[in-house]
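Here's the letter readout for the chains.
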Amino acid sequence: MKPEKPGPQERVDCERYRLRRFVEALQQSGEARVVRGAADLADVAPALEGSDGAVLFERVGPEGAQLVGNVMGSRARLARAFGVAPEGLLAEVLRRARLAPEVIEVPREQAPVQEVVWTGADADLTKLPANLQHGMDGAPYISAAIDYVVDPASGWTNVGVRRLMLRGRSEAGVDLNAPSDLRAIYEAAAKRGEALPVAFVVGAHPVDYVAATLRLPVDELGLVASLRAAPLPVVKCVTCDIRVPADAEWVLEGTLDARGHVEPEGPYGEFLGYYGAVKMNPVFHLTAVTRRQDALFQTATIGGRLLGRTDTAQLNGLRTEVMVWRALETAVREPLAVHATPSSGGMFNLRVAIRSRVPGEARNAIAAAFGSLANVKHVFVVDPDIDVFSDAQVDWALATRFQADRDLVVQAGFRALPLDPSLAGARTGAKAGFDCTLPFGQAQSIEHRIPEPPRFEGKRYATVEAALADGAKRFEQLMAATGSRDGREIVLALEALRSGGRLARDAEGRYGLK
Ligand SMILES: Cc1cc2nc3c(=O)[nH]c(=O)nc-3n(C[C@H](O)[C@H](O)[C@H](O)COP(=O)(O)O)c2cc1C
């Protein structure tokens, strides 16, 4: 008898996309360091500052919590999360985003994230290992929280990443200043005088964080499933109807109250490498904490001197690349590569490689990036031979293919990110595009050819004269023609022809016979 096809419940795997599994893989590959033994919460930020790997703390604080930070702080680790090499990361995210999602609800008893449930007085934010991340932060923050909210208008789940500033056992500040779907959903609820139920997942696989940072007009629970390329097990929260990944480490359930932006939140060391000031923001009220028995708490690195090594810059960069890629697909015929530099927060400085099929495509690419949802400020467009991931190659293209009066596009009055300190309080900002592509159609001229070592290939002849009698040749071809492994005898043969008045040279410098 043929075995029956497994039902949805049996196809659910609550371990494969568990954060802990991913961290174990990082330990094996040498991309995660373990802080053995007991540590204080005060030890966490100094250990994470500038770290080039993830850091796993075995026992933090008096409760001996397990905590991991900087899991996603490199492109290599993000790529590992998607099972591809770093060069293939963007293509893989774009491919997975198109997959049909499968979301499977599991009963509470089967949901690892509800192995332990704290409600009432047990639900206490100060039991969580949230550490002070930067010297001037307003309080400890829960920095790696993925929010799940159901939009009553569409019934869809909105998913984002938001930080929470601890205000007590059951209250936290949530930054809802920047335009976002959550902000719109929350403000609509507040206008109706209703609190908005929300569930924050803390401790998730990097793929879930990537899905959460994308802003696409779809049910984003489905987007998490699509990006996993696997059925997503979800479970209903214990104090509301929101469904969250059943394989998460921790979930904080509660509501954003209807009072609006009423409480000071911040300052906070932000992803552009500066502090964000105190802002008025809504308040989160905790109703339940659910967690795995051996839950692994997660913190995200945000500011600091080495932005490129932070979770935030890497996540932002991938998000920017997805947004801009989608815009480029409708603006230029052949986009080849796009990279948002992590040192610019993964947001402001963007490199695009295109194959120009007609004049003007570089400017189309610049305009598309300016007008996309991403908050790009500076766009560098390069030819296909330039590797957008190489600072040295992009610098070379800027130095040698760019004329400021011809190739610079500057425009003002764009929507801007208020956190950008260079705005000096202005509400809109300027953008610049640098067309670092060679003038259209001139890539083949010798001034635009890239020197390479000689290859010595081609037909053989008895003498230099016989080779030249068959047609003009470069010095390299003359060496190949006579089998020379030295070259100086060719100089002498050419000298003899020149003194006999028989040597000619063409515009490309090839030798010929008169
Ligand atoms: C680690 C991290 C923390 C973030 N914190 C916040 C935040 O506190 N407030 C905010 O508005 N956006 C924050 N973002 C950016 C949002 O998650 C991102 O804009 C997301 O797409 C918003 O989703 P939404 O528009 O579906 O609500 C953060 C991003 C990352 C990677």
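Note: the structure precedes this text.
It should be emphasised that the depicted structure is a prediction, and the values quoted were computed from it without experimental measurement.

Cut-offs and rules
Residues numbered from 1 in each chain as written. Predicted model: local features only at pLDDT ≥ 70, side-chain atom pairs only at ≥ 80, totals over all residues. Heavy atoms only, no water. Helix = DSSP H or I, 4+ residues; strand = E, 2+ residues; numbered from the N terminus. Buried < 20%, exposed > 50% of the residue type's maximum accessible area, 1.4 Å probe, protein only. Contact = heavy atoms within 4.5 Å. Salt bridge = Lys/Arg side-chain N within 4 Å of Asp/Glu carboxyl O. Pairing = 2+ DSSP bridges. Axes fitted to C-alpha atoms, helices over the stretch in contact; angles between N-to-C directions. Phe/Tyr/Trp six-rings, centres within 6.5 Å; stacked < 30°, edge-to-face > 60°. Parallel < 35°, antiparallel > 145°, perpendicular 65-115°, else oblique. Left-handed = near helix turned anticlockwise from the far one by under 90°. Nonpolar A, V, L, I, M, F, W, Y, C, P; charged D, E, K, R; others polar.

(A) Quick peek at the overall build of the protein chain. Within the protein chain, the secondary structure is distributed over 14 helices and 25 strands. Over its C-alpha atoms, taken along the principal directions, the protein chain stretches across nearly 105 × 65 × 50 Å. Split into buried and exposed, the 514 residues of the protein chain put 52% on the buried side. Counting only contacts in the protein chain whose residues sit at least 6 apart along the sequence, the fraction spanning at least 24 positions is 66%.

(B) Just the pattern of salt bridges, in detail. Enumeration according to the criterion identifies 41 salt bridges in this entry. Notably, a salt bridge pairs Arg259 with Asp257, separated by 3.0 Å at the nearest N-O pair. For Arg259, a relative accessible area of 47% translates into the label partly exposed. Linking Lys279 and Glu270 is a salt bridge whose minimum nitrogen-to-oxygen distance equals 4.0 Å. On the basis of relative accessibility, which here comes to 15%, the residue Lys279 falls in the buried class. One network of salt bridges, in which partners are shared, links Arg163, Asp175, Glu265, Glu270 and Lys279.

(C) Expanded view of the sheet that holds strand S23 (residues 428-435). Taken in spatial order, the five strands of this open sheet run S19-S20-S21-S23-S22, and their pairing is mixed. Taken across any chain shown, the strands that pair with only one partner, and hence form the sheet edges, are strand S19 (335-340) and strand S22 (408-415). This sheet shows a mean twist of 20° between the axes of neighbouring strands, independent of strand direction. Summarising the sheet, strand S20 (residues 349-354) and strand S21 (residues 378-382) pair through five bridges and their orientation is parallel. Its bridge partner lying in S21, Val352 is registered against Val381. Lying over the sheet, helix H8 (residues 311-329) contacts S19 and S20, oriented at roughly 150° with respect to S19.

(D) Up close: the packing of aromatic side chains. In this structure the tally under the stated criterion is seven aromatic pairs. For the pair Phe200 and Phe284, a centre-to-centre distance of 5.0 Å together with 90° between the ring planes defines the contact as edge-to-face. Of this pair, Phe200 sits in strand S9 (residues 196-202) while Phe284 sits in strand S17 (residues 283-291), and the two are 84 residues apart along the sequence. Here the two residues Phe200 and Phe284 agree in accessibility, since each one is buried. Here the aromatic rings of Phe380 and Phe434 are separated by 4.6 Å at their centres, their planes lie at 10°, and the arrangement is stacked. Linking Phe380 in strand S21 with Phe434 in strand S23, this pair joins segments that are 54 residues apart in sequence. By the burial criterion, Phe380 is buried, and Phe434 matches it. The rings of Trp118, Trp250 and Phe297 are connected pair by pair, giving a single aromatic cluster.

(E) Here's a closer look at the packing of helix H4 (residues 89-97) against helix H7 (residues 220-228). Following both chains from N to C, one finds H4 and H7 inclined at 125°, their axes separated by 7 Å at the closest point. Looking at the two axes, H4 sits oblique to H7. Crossing handedness for the pair H4 and H7: right-handed. Of the residues in H7, those in contact with Val93, Arg96 and Ala97 of H4 are Ser226, Leu227 and Arg228. Partitioned by chemical class, the residues of the contact of H4 with H7 number three nonpolar, one polar and two charged.

(F) Fine view of the sheet that holds strand S1 (residues 32-39). Pairing in this open sheet of four strands is mixed, and the strands run S1-S2-S3-S18 from one edge to the other. Whereas interior strands pair on both sides, the edge strands pair on one side only; in this sheet they are S1 and strand S18 (296-299). Across this sheet, the average inter-strand angle for adjacent strands is 20°, counted without regard to direction. Here strand S3 (residues 65-69) runs beside S18; their pairing, made up of four bridges, is parallel. Bridge pairing links Gly69 to Thr299 in S18.

(G) Expanded view of the environment of Val117. In this fold, Val117 is placed in strand S5 (residues 116-119). On the basis of relative accessible area, Val117 is assigned to the partly exposed category, the value being 38%. Placed 134 residues apart in sequence, Val117 and Val251 show a C-alpha to C-alpha distance of 9.6 Å. Apart from residues lying up to four places away in sequence, Val117 is in contact with Val238, Val289 and Thr290.

(H) Geometry of the pairing of strand S6 (residues 141-150). When you tally the buried positions in S6, you get nine out of 10 residues, the bulk of the element. Bridge count between S6 and strand S7 (residues 157-166): eight bridges; the pairing is antiparallel. In the sheet register, Asp147 faces S7, and the bridge partner there is Gly160. The hairpin turn running from S6 into S7, its antiparallel successor, is six residues long, and Gly155 in that turn takes a positive phi close to 80°. Relative to S9, S6 runs antiparallel, the two being bridged by four bridges. Of the residues in S9, the one forming a bridge with Ile146 is Val201.

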